[in-house]
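# Fold and geometry: a report
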Amino acid sequence: TATALPEGATFNAIIDGNDTDIYSVTLAQPLTSSEVLFVNLTPSLFGRRALFSCALIDSNGTRITERVDFQDTCGVYAGGLAAGTYFFEVTTDAASAVSYTVEAAKGAYTLESESNDDTTTANPLPALPGNFLGEISAADAATAVDVFSFEVTTAYTVVGDTGQGVRVALAPAPFAVGMQGDLLF
């Protein structure tokens, strides 16, 4: 039996390598074209190592998206979902019990579309401030290329440099942990 996970709520649980935890997330309305459903797990490992796997599954049992992450978090996202009940499945290889929190939330994002492998097929990023989700799978990481375009309307002066530029931040959704850099021109 799945544990109900209301949108915006955080649930605390415990799991080990002999267990599979399943949560149900119900969307009363379909997601709009600019909405994405995030379901995220954050373990409390206290220096231990464990591999987590998580999946978003529809009511017919079809895996919409799944992920295997090491240690810090395991999260999935999907756009274009119809109203209905979806399931978030969690497993781990942890030899002993691990506590974790899990939460589901909707957010406003523009999703990447393929093929965007060169400048002629680049995905335009939304006007700022805005959020955009793109993904390169682990299986394709060695060869995949995603190209995006954006318009700079106002540049800023980089301290200690004579040029102007724009700051680009890359972060795993929906949490702002990632990398950023300045593009100078």
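Only a predicted model underlies this, so the values are computations on that prediction, with no experimental measurement involved.

A word on the sheet that holds strand 9 (residues 98-108). Ordered by their spatial adjacency, four strands build an open sheet running 2-9-4-7, and the pairing between neighbours is antiparallel. At either end of the open sheet lies a strand with only one pairing partner, and these are strand 2 (10-15) and strand 7 (74-79). Going from strand to strand, the sheet's axes swing by 20 degrees on average, the running direction of each strand aside.

Mapped onto the elements of the fold, Thr 92 is located in strand 8 (residues 84-92). A polar contact of 3.0 Å, which involves the side chain of Thr 92, links it to the backbone oxygen of Leu 51. At 3.2 Å, the side chain of Thr 92 forms a polar contact with the backbone nitrogen of Ala 94. With residues near it in sequence (within four places) discarded, Thr 92 still touches Ile 15, Asp 16, Gly 17, Ala 50, Leu 51 and Phe 52.

A few words now on the confidence of the model for the protein. For the protein, per-residue confidence averages 76 on the pLDDT scale, and residues scoring 70 or more make up 69% of the total. The least confident element of the protein is strand 16 (residues 179-184), whose mean pLDDT is 46; the most confident is strand 3 (residues 20-27), at 94. Across residues 172-185, confidence stays below pLDDT 50; counting only partners more than four residues off in sequence or on other chains, it has 41 contacts.

As a further point, take the nonpolar core. The biggest cluster of nonpolar side chains holds 27 residues, and the ones touching the most others in it are Tyr 23, Leu 37, Val 39, Phe 52, Leu 56, Leu 81 and Phe 88. Looking at this core, the elements that each hand over two or more residues are strand 2, strand 3, strand 4 (35-44), strand 5 (51-57), strand 7, strand 8 and strand 9. With four residues, strand 9 is the largest single contributor of residues to this core. For Leu 81, the residues in contact, after removing those within four places along its chain, are Leu 27, Pro 30, Leu 31, Leu 37, Leu 56, Ile 64 and Tyr 86.

Inspection of every chain in the model, using the stated rule, returns three salt bridges. For Lys 106, the salt bridge is made with Glu 7, and the minimal N-O distance between the two is 3.7 Å. Of this pair, Lys 106 sits in strand 9 while Glu 7 sits in the loop between strand 1 (3-4) and strand 2, placing them 99 residues apart in sequence. As a salt-bridge pair, Glu 66 and Arg 63 come within 3.5 Å of each other at their nearest N and O atoms. Here Glu 66 falls in the partly exposed class, since its relative accessible area comes to 46%. Residue class for Arg 63 comes out partly exposed when judged on its relative accessible area of 38%. It is possible to trace a salt-bridge network through shared partners that takes in Arg 63, Glu 66 and Glu 89.

In this structure, Asp 21 sits in strand 3. A distance of 2.5 Å separates polar atoms of two side chains, one belonging to Asp 21 and the other to Tyr 100. Contact partners of Asp 21, with chain neighbours within four places excluded, come to Ala 13, Ile 14, Ile 15, Phe 88, Glu 89, Val 90 and Tyr 100.

Turning to the pairing of strand 8, a few remarks are in order. Sheet analysis places strand 3 next to strand 8, joined by eight bridges and oriented antiparallel. For Ser 24, the partnering residue across the bridge sits in strand 8 and is Phe 87. Where strand 5 and strand 8 come together, six bridges link them in antiparallel fashion. The residue of strand 8 that forms the bridge with Ser 53 is Thr 91.

Rules behind the numbers
Residues numbered from 1 in each chain as written. Predicted model: local features only at pLDDT ≥ 70, side-chain atom pairs only at ≥ 80, totals over all residues. Heavy atoms only, no water. Pairing = 2+ DSSP bridges. Helix = DSSP H or I, 4+ residues; strand = E, 2+ residues; numbered from the N terminus. Axes fitted to C-alpha atoms, helices over the stretch in contact; angles between N-to-C directions. Polar contact = N/O pair within 3.5 Å; in protein donor to acceptor, adjacent residues only side chain to side chain. Contact = heavy atoms within 4.5 Å. pLDDT = per-residue confidence, 0-100. Core = buried A, V, L, I, M, F, W, Y, C linked by side-chain atoms within 4.5 Å. Buried < 20%, exposed > 50% of the residue type's maximum accessible area, 1.4 Å probe, protein only. Salt bridge = Lys/Arg side-chain N within 4 Å of Asp/Glu carboxyl O.

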